[in-house]
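Here is how the chains run, residue by residue.
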Amino acid sequence: MATVIPPPSKRQKRENLELSSTQQDVSEPTPDAGSFRARILDDAGEPIIDAVEIQFADASEKNLSTLVNTYLGREQDDFLPYRFDIHLPGKDTIVGVFPSSLLSLLQQHGVTAASETIITLSARPQAVFKVRIASRQLHKIRGHTQAILVCQWHPDTKIKRLATGSGDGTARIWDGDSGTPTHTLKGHTSWVLDVRWSPDGTKLATGSMDGTVRIWDPQTGAPIGKAMTGHRGWVCSVAWQPYHLWRDGEGPRLASAGGGKDDNTVRTWLVNSGRVDHVFSCESGVTCVKWGGTDFVYAASKDKTIRAWDAKAGTIVRHMKLHSHKVNHIALSTDYVLRTGFFDPRSQSPPATEEEKVKIARERFEKVAKKGDKVTELLASASEDFTAAVWDPINMQDKKPIARLQGHQKAVNHLAISPDGTLLATCGWDNHAKLWNAKDGKFLHTLRGHVGTVYQCYFSADSRMLVTSSKDTTLKIWDVRSGKMLKDLTGHEDEVWAVDLVGALVASGGKDTTVRIWT
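Residues numbered from 1 in each chain as written. Predicted model: local features only at pLDDT ≥ 70, side-chain atom pairs only at ≥ 80, totals over all residues. Heavy atoms only, no water.

(A) Highlighting the overall build of the protein chain. Within the protein chain, the secondary structure is distributed over five helices and 38 strands. Its C-alpha radius of gyration of 26 Å places the protein chain within 12% of the 24 Å reference for a compact globule of 519 residues. The proportion of buried residues among the 519 residues of the protein chain is 52%. A separation of at least 24 residues holds for 50% of the contacts in the protein chain among residues at least 6 apart in sequence. In the structure as shown, the protein chain presents an accessible area of about 23500 Å², 48% of it carried by carbon and sulfur atoms. For the protein chain, the centre of its 65 positive side-chain charges and the centre of its 60 negative side-chain charges are spaced 5 Å apart. (Helix = DSSP H or I, 4+ residues; strand = E, 2+ residues; numbered from the N terminus. Rg over C-alpha atoms; globule rule 2.2 N^0.38 Å. Buried < 20%, exposed > 50% of the residue type's maximum accessible area, 1.4 Å probe, protein only. Contact = heavy atoms within 4.5 Å. Areas by Shrake-Rupley, 256 points an atom, 1.4 Å probe, with all protein chains shown as cover. Lys, Arg positive; Asp, Glu negative; His and termini not counted. Charge placed at Lys NZ, Arg CZ, Asp CG, Glu CD.)

(B) Summary view of the pattern of salt bridges. Evaluation of the coordinates by the stated rule reveals 18 salt bridges. Among the salt bridges present, the one from Glu250 reaches Arg247, with a minimum N-O distance of 3.8 Å. One network of salt bridges, in which partners are shared, links Arg247, Glu250, Arg253, Asp277 and Asp295. (Salt bridge = Lys/Arg side-chain N within 4 Å of Asp/Glu carboxyl O.)

(C) Region of the structure containing the pairing of strand β5 (residues 118-125). Most of β5 is tucked away, with six of its eight residues classed as buried. Where strand β1 (residues 35-41) lies against β5, five bridges are found, and the strand directions are parallel. Residue pairing across strands places Ala38 opposite Ile119, the latter belonging to β5. (Pairing = 2+ DSSP bridges.)

(D) Fine view of empty space enclosed by the protein. Summed over the entire model, instances satisfying the criterion amount to one cavity of 30 Å³ or more. The calculated volume of the largest cavity comes to roughly 50 Å³. Surrounding the largest cavity, Val131, Arg132, Ile133, Ala134, Met465, Leu466, Val467, Ile477, Leu501, Gly503, Ala504 and Val506 form its lining. Here the lining of the largest cavity gets three residues from one element, more than from any other, and that element is strand β33 (residues 465-470). The residue inventory of the lining of the largest cavity, partitioned by class, reads ten nonpolar, one polar and one charged. (1 Å grid on protein atoms, 1.4 Å probe; cavity = no way out; pocket = protein on both sides within 12 Å on 5 of 7 lines; lining within 4 Å. Points joined across faces, edges and corners; volume = space filled by probe spheres on them. Nonpolar A, V, L, I, M, F, W, Y, C, P; charged D, E, K, R; others polar.)

(E) Main features of the packing of aromatic side chains. Going through the model one piece at a time under the given rule, you end up with nine aromatic pairs. Summarising the aromatic geometry, the rings of Tyr243 and Phe342 are spaced 5.0 Å apart at their centres and angled 75° between planes, so their arrangement reads as edge-to-face. Within this pair, whereas Tyr243 is found in the loop between β14 (235-240) and β15 (253-258), its partner Phe342 is found in the loop between α4 (335-340) and α5 (354-369), the two being separated by 99 residues in sequence. Note on Tyr243: relative accessible area 4%, which makes it buried. Pairing Phe296 with Tyr298 gives two aromatic rings, centres 6.2 Å apart and planes at 65°, and the pair type is edge-to-face. Neither Phe296 nor Tyr298 differs from the other in exposure class; each is buried. Taken together, the aromatic side chains of Tyr243, Trp246, Phe342 and Phe343 make up a single cluster linked through ring pairs. (Phe/Tyr/Trp six-rings, centres within 6.5 Å; stacked < 30°, edge-to-face > 60°.)

(F) Quick look at the sheet that holds strand β31 (residues 443-447). Here we have four strands laid out as an open sheet, ordered β28-β29-β30-β31, and antiparallel in their pairing. Unpaired on one side and paired on the other, β28 (412-417) and β31 mark the two borders of the sheet. Neighbour-to-neighbour, the strand axes of this sheet turn through a mean angle of 20°, independent of strand direction. Pairing geometry for strand β29 (residues 423-428) and strand β30 (residues 433-437), over five bridges, is antiparallel. Pairing of Leu423 across the sheet is with Asn437, part of β30. (Axes fitted to C-alpha atoms, helices over the stretch in contact; angles between N-to-C directions.)

(G) Local environment of a negative patch on the surface. Among the surface-exposed residues, Asp248, Glu354, Glu355 and Glu356 lie close enough to one another that they form a single negatively charged patch. Relative to the helices and strands, Asp248 is located in the loop between β14 and β15. (Patch = residues over 30% accessible without salt bridge, like charges linked within 9 Å, V, L, I, M, F, W, Y side chains within 5 Å.)

(H) Expanded view of a nonpolar patch on the surface. On the surface, Trp191, Met209 and Trp234 cluster together into a nonpolar patch covering about 280 Å² of accessible area. Within the fold, Met209 resides in the loop between β12 (204-208) and β13 (213-216). Accessibility expressed as a relative area gives 30% for Met209, which makes it partly exposed.

(I) Region of the structure containing unusual backbone geometry. Positive phi, close to 70°, is recorded for Asp295, a residue that is not glycine. Considering the arrangement of structural elements, one finds Asp295 in the loop between β18 (286-291) and β19 (296-301). Given the relative accessible area of 10%, Asp295 is considered buried.

(J) Summary view of the UniProt feature "repeat: WD" (unreviewed entry) in the protein chain. According to UniProt, the "repeat: WD" (unreviewed entry) feature falls on residues 141-184, 185-226, 405-446, 447-488 and 489-519. From the first C-alpha to the last, residues 405-446 spans 13 Å; its make-up is 0% helix and 55% strand. (UniProt positions renumbered as here; feature names shortened; annotations may be inferred.)

(K) Inspection of α5 at higher detail. Between the first and last C-alpha of α5 there are 23 Å, a value that for 16 residues agrees with the 22 Å anticipated at 1.5 Å per step. Buried within α5 we find Ala361, Arg364, Phe365, Val368 and Ala369. Seen from one end, α5 has its buried residues packed into an arc of 120°, which puts them on one side. Opposite the buried face of α5, at more than 90 degrees from it, the exposed residues are Glu355 and Lys367. Elements that come into contact with the buried residues of α5 comprise α4, β23 (370-371) and β24 (374-375). (Expected span 1.5 Å × (residues − 1). Arc of directions from axis to C-beta.)

(L) How the structure looks around helix α2 (residues 61-71). Within α2, burial applies to Glu61, Leu64, Ser65, Val68 and Asn69. Relative to the axis of α2, the buried residues are bounded by an arc of 135° and lie together on one face. Opposite its buried face, α2 presents the exposed residues Lys62 and Tyr71, each directed more than 90 degrees away. Packed against the buried residues of α2 are β1, β2 (47-55), β3 (82-87) and β5. Residue Gly73 follows α2 closely and has a positive phi angle near 75°.

(M) Examining the pairing of strand β37 (residues 505-510) more closely. The element β37 is largely enclosed, with a buried count of six among its six residues. Covered by surrounding structure in β37 are Leu505, Ala507 and Gly509 together with Val506, Ser508 and Gly510, the residues of both alternating faces. Where strand β36 (residues 496-502) meets β37, six bridges bridge the pair, whose relative direction is antiparallel. The residue of β37 that forms the bridge with Leu501 is Val506. Taking the residues that link successive antiparallel strands as the turn, the β36-β37 hairpin has two residues, and the phi of Gly503 there is positive, at about 55°. Bridging between β37 and strand β38 (residues 515-518) involves four bridges; their strand directions are antiparallel. Its bridge partner lying in β38, Ala507 is registered against Ile517. The loop that links β37 with its antiparallel partner β38 comprises four residues; one of these, Thr513, has a positive phi angle of about 70°.

Shown next as structure tokens:
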């Protein structure tokens, strides 16, 4: 008796049907063969190499970095790492993430005769230092009696002083090395919503729900002058004038944001006298204030817009409208260099004279913001409308953003631009953080791992890592190049509302009232 083959099952019939209806790809894969001619530009758009022939098989960022360093005559010990942007031939598109196969990328974008086309690459030098990954808890410090709302490290990475603000009405300064408190700053009568070190590290400013701004001496813990009063609601954000803009004889200025429903103003103060310099108005409460390197004061508001004022003239210069809900946070591409002033992490000691300090602070700002003769200080905004946006407020002509970033499924709570000005991180209530190209808003990665709202995100000083804090009680550290999680820092017993990092130290605080330092 012959063996009868059983009829095909339903699954086999379905698979055969799908296979028969699928267009089969019979083309041979194109190998990375041949060569192309490359034109390599520096960060200012000036040519480093006018034309050089490169094999497609050798076109990696590491090899291109070696080529640029060798062409510039550097010794191997002095080589700088570079990242490369790819200008697609015949298009205005710039690809900011270098692919594993340059030839495949060009073919995907319709460049068929790649071997006969000159490809323009922009070389971006990266930080020569590399920040180590925080992987363990160094200190768990108690002192605050209510939740910690904000924290910030001293601008000099070598001092390792941390300031925190709490719902208990106090700010505190901690020694990051020993994990011990140095001073408790008492004077506010309600929650301390913001703490900010001056860019020279000699003063600390705090803003409170009691409607006042106070300046403190971090060496003694004593207040400097009287409380600055004038806001009719809480002060949710403060920002120091950049160091290179401080005026002789007047000292620093400070901006403060009134976030209450009865106070829709931004005020600038002469810190040495405690006198109000200017009062700027919005239509609704202010959520965040920044002081840019060109002496513009930027404010995000619940009225769905961002405004910019000339701090010297006291006049409004930009009114940026895009979002359909309140703007939660703003960030500048120069935030890191303005915050740290003349403190360069590569230097062993700060400059000795005032002239040198101003010179270095200005040079550090211009290195990030200036391209040729043009200053481009990017601003990013995060909104309750589930989107973020990138603006060029100094050079904008048509009142439109460079890009609108869509992809979050809930409100975007916080964002940050990397110290080198190339990457933008956003985070929000959809439990995710996302990475984007800061220059054109192109999406790069979604950072998945948190299981609760992501409250804050900050880049490391070398722009290679991102740290995020979350409602799920954890901090996570991410590799921005791959989008992969490097470390999961667990230990907090409740929501983590505040985070900051300096060098290899990460500081965090939140609802469990403890400060934790990780290394």
